[in-house]
There are 2 protein chains.
Amino acid sequence: MVGSIANSLVEVGEDNTTPMVPLVNNVGTTCLTITEPEVGKEAVEARDASIEDVLVKYVKHLKERTQHHLGYPYNLDFDYGSVIAKLSGFSINNLGDPFIESNYGVHSRQFEVAVLDWFAHLWEINKQDYWGYVTSCGTEGNLHGILVGREVFPDGILYASKETHYSVFKAARMYRMECVKVETLVSGEISWEDLQDKLLLNRNKPAIVNVNIGTTVKGAVDDLDKVIQILERNGFKDRFYIHCDSALFGLMMPFFNQAPKITFKKPIGSVSVSGHKFIGCPMPCGVVITRSIYENKLSDFNQVEYLASVDSTIMGSRNGLAPVLLWHGLNRKGYKGLRKAAQKCLRNAIYLKERLRESGISALLNPLSSTVVFERPIDPAFVLQWQLACEGNIAHVVVMPNITIAKIDGFIEELLKMRETWFRGGKIAKPCVAADIGRENCLCELHKI
Amino acid sequence: MVGSIANSLVEVGEDNTTPMVPLVNNVGTTCLTITEPEVGKEAVEARDASIEDVLVKYVKHLKERTQHHLGYPYNLDFDYGSVIAKLSGFSINNLGDPFIESNYGVHSRQFEVAVLDWFAHLWEINKQDYWGYVTSCGTEGNLHGILVGREVFPDGILYASKETHYSVFKAARMYRMECVKVETLVSGEISWEDLQDKLLLNRNKPAIVNVNIGTTVKGAVDDLDKVIQILERNGFKDRFYIHCDSALFGLMMPFFNQAPKITFKKPIGSVSVSGHKFIGCPMPCGVVITRSIYENKLSDFNQVEYLASVDSTIMGSRNGLAPVLLWHGLNRKGYKGLRKAAQKCLRNAIYLKERLRESGISALLNPLSSTVVFERPIDPAFVLQWQLACEGNIAHVVVMPNITIAKIDGFIEELLKMRETWFRGGKIAKPCVAADIGRENCLCELHKI
């Protein structure tokens, strides 16, 4: 099946007019070389036709890949076609601060601030007390939140569980921060005990703690209240900063009953969320919200006369289309629509987990999570075909609104068929994944009841 | 005229269905609040109609603002409508390394690598010797280039002229690097003398030098050869890293005869350029190219099993639409088309400077630059109307391919009319800008010949 992906792209260059060379470091895809256009009306027409041809085949390929996608937390079911058609002719750029208009008039701040206000309301912080912006992705939100933390506590140590998204460790390295990795439970949740032990080893320095609202691989939710309690109980009161990485579940958790609440009424410093995950968006984007009192620490440094604005953002030039799409999506869905979609994801995730378990496949589904973790399929081609994200012995499916029961059934059917071959109808023993997802979730010979 | 901008937006909310509130920190624009949709078919239809109405008015506003834009270096004349229409339904994300396919199949690496190869060819570095990626903006390219420099020389000092883009100073602060600001000449170019003096004060530490290929305000080009000469002559041989910030002129300079050449045959470490500036693109984007030998320093740290890829990029999730648009633009324009456009920009910039000067307005146009710097119009409303970027006593127009002779004439006509009022037909003296753009370019009472 790896072949089928490569083929559908190799196809693109078959007409000879679009020369193709393999990518430097891996061979799955070939690249579409840019060549100097020839002169003359006919040559131009031929070139345009060849470009069109490449695009038509690319779209076909994208459709197939979108259909067979399960592993990454992207809602691939959205329709902003009519909005984008209206706006694709403009270079909309919200450069600088969302709240301070720059001299560049082709911006979408009026949409951006509406989106920010919506999230501020969701996370219970008053308009005058927050600052934030629409980012180019979840990573930018983490980079921003942790930078604010470092500016608040320049000698603070960054604590993050070892199952934290890699962007947080990237931030520590970029920002030259001391960083302590904290152990996790089998569920993927941060180990409170280990957090406490490690805090006590570094009592003299403030703590900057990254809290995961949905870890990347297991969809585990760190217990924010417990983290705050541990910090306060161990002498860190008024000497800590919490960044909540809600990239994945930031927009689902508020709609689950009994879920711990992410709110600025608790002593947190910043929250980030991705816009292209649960809502769905044709380009990566996200939102970061922090307290305006902290933000002054960054903006003092970043007065930019040239823009007639202040730039406390990481990126400076910022895609102005994304805020309009988020505005459009949130306006149409509203809390009610999001709640419905979130609950459907949870139901479908339970369905997937149960279908896996009843088929004898080890699987874990954390509470308040739509990430179903299971035995890693042993054939890499199968993994690629369904675009599963894998780590060690496990793979996962993140059930987003576009993952329907029919899609799950199709996946299970193919997986079961392939497993017959992989395990030779039971002659080869199934792997043990107890260390990865817990004994109670493991269905290997040793652990199944 | 400030009023007219505000009005065109206030208009948007007049129908009461889209409540509006002023932005927190400035009052030019009002924001478009997101409200919970009501239940029922009619309510949904009314909501959709109101959203449509907002968008139609917003498009009208964008058209007007795009028409009256002169100050920022964005080519607003492009047409990717048909490409975007094909791709707007997909969530194309090149997460991770451009050269190593991740498990997520909805990507555009085959276009991205083609774009990177094109730039590598332009800057004369072999395929196997470079690494790079399509960034989300010029700032990301600078952040990446300077990070590579810091990893190569962890105790290096960053040198950048005081007219360098603010993202470079932002990088220094983010990365906790020692940073030395170097004086500039009146043209905006880095002062070699001051660079040498400052290098000699810090002989014991390696030098990371940012070279501007087009400064933000005056469009001045630092002399790369001279910078290299100064470094080598003063004992920094094999102890320096040069990042070329070519955000603005990176795609124009190669097409000017006599322009100093940006090439990896010289001892430079990285080059970044913006994709939405000279080429034009509906979203900010850019390209950064560095040497693959350096890149290993970052990627060792950033193996991401979850992605089945390596992530040495700053952002992680990366907009996959931008590489397709750049591929499309470069394929259609080619070197020939870009050369023609670049030369037209230069000609039109000379025309604008001459029209200003013959009208008695002080103006500067650096060689190899299409940035025309002139007396800052004293009425802020005029500045906003034409979206001029200003700093101190000066404003500028960056002549991009969409700035035609007709647009220049319209601007000059309006400026002259307004100046009659501002200076009361000559009764009020024109300001002296000799300190900003040089005596020879100043047409105040004292300096005009």
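Only a predicted model underlies this, so the values are computations on that prediction, with no experimental measurement involved.

Draft legend 1. How the structure looks around the relation of the copies chain B and chain A. Mapping chain B onto chain A calls for a rotation angle of 180 degrees and an axial translation of 0.0 Å; the resulting RMSD is 0.0 Å. Such a turn and shift between the copies fits a two-fold axis. Using C-alpha coordinates, one finds that chain B approaches the rotation axis most closely at Tyr175(B), a distance of 2.4 Å. Both copies present the same face, since 100% of the interface residues in chain B are matched by interface residues at the equivalent positions in chain A.

Draft legend 2. Layout of the UniProt feature "modified residue: N6-(pyridoxal phosphate)lysine" (unreviewed entry) in chain A. All names here are of chain A. Those residues carrying the UniProt feature "modified residue: N6-(pyridoxal phosphate)lysine" (unreviewed entry) are Lys277 in this numbering. Looking at where Lys277 falls in the secondary structure, it is placed in helix α9 (residues 276–280). Not counting the four nearest positions on each side in its chain, Lys277 is found in contact with Pro73, Tyr74, Asn75, Ala247, Leu248 and Met400.

Draft legend 3. Structural context of the interface of chain B and chain A. Listed by partner, the interface residues are 127 residues for chain B and 127 residues for chain A. Both sides together, the interface formed by chain B and chain A hides about 11300 Å², and carbon and sulfur atoms give 60% of it. Joining chain B to chain A, the criterion identifies six salt bridges. Note that Arg332(B) is salt-bridged to Asp48(A), the shortest N-O span being 3.1 Å. Our count for the chain B to chain A interface comes out at 38 residue pairs in polar contact (both at pLDDT 80 or more). Broken down by element, the residue count for the side of chain B that touches chain A peaks at 14 residues, all from helix α2 (residues 41–67) of chain B. Tallied by class, residues from the side of chain B that touches chain A come to 65 nonpolar, 36 polar and 26 charged.

Draft legend 4. Structural view of the sheet that holds strand β8 (residues 270–274) of chain A. All names here are of chain A. One open sheet holds the seven strands; their spatial order is β3-β9-β8-β7-β6-β4-β5, and the pairing between them is mixed. Of all strands in the sheet, those bounded by a partner on one side alone are β3 (130–135) and β5 (179–182). Each strand of the sheet is rotated relative to its neighbour by a mean of 15 degrees, with strand direction disregarded. Alignment of β3 against strand β9 (residues 286–291), held across six bridges, turns out to be antiparallel. Of the residues in β9, the one forming a bridge with Gly132 is Ile289.

Definitions and cut-offs
Residues numbered from 1 in each chain as written. Chains lettered and ligands numbered in written order. Predicted model: local features only at pLDDT ≥ 70, side-chain atom pairs only at ≥ 80, totals over all residues. Heavy atoms only, no water. Least-squares fit on C-alpha atoms with pLDDT ≥ 70 in both. Contact = heavy atoms within 4.5 Å. UniProt positions renumbered as here; feature names shortened; annotations may be inferred. Helix = DSSP H or I, 4+ residues; strand = E, 2+ residues; numbered from the N terminus. Buried area = accessible area lost by both parts, 1.4 Å probe. Salt bridge = Lys/Arg side-chain N within 4 Å of Asp/Glu carboxyl O. Polar contact = N/O pair within 3.5 Å; in protein donor to acceptor, adjacent residues only side chain to side chain. Nonpolar A, V, L, I, M, F, W, Y, C, P; charged D, E, K, R; others polar. Pairing = 2+ DSSP bridges. Axes fitted to C-alpha atoms, helices over the stretch in contact; angles between N-to-C directions.

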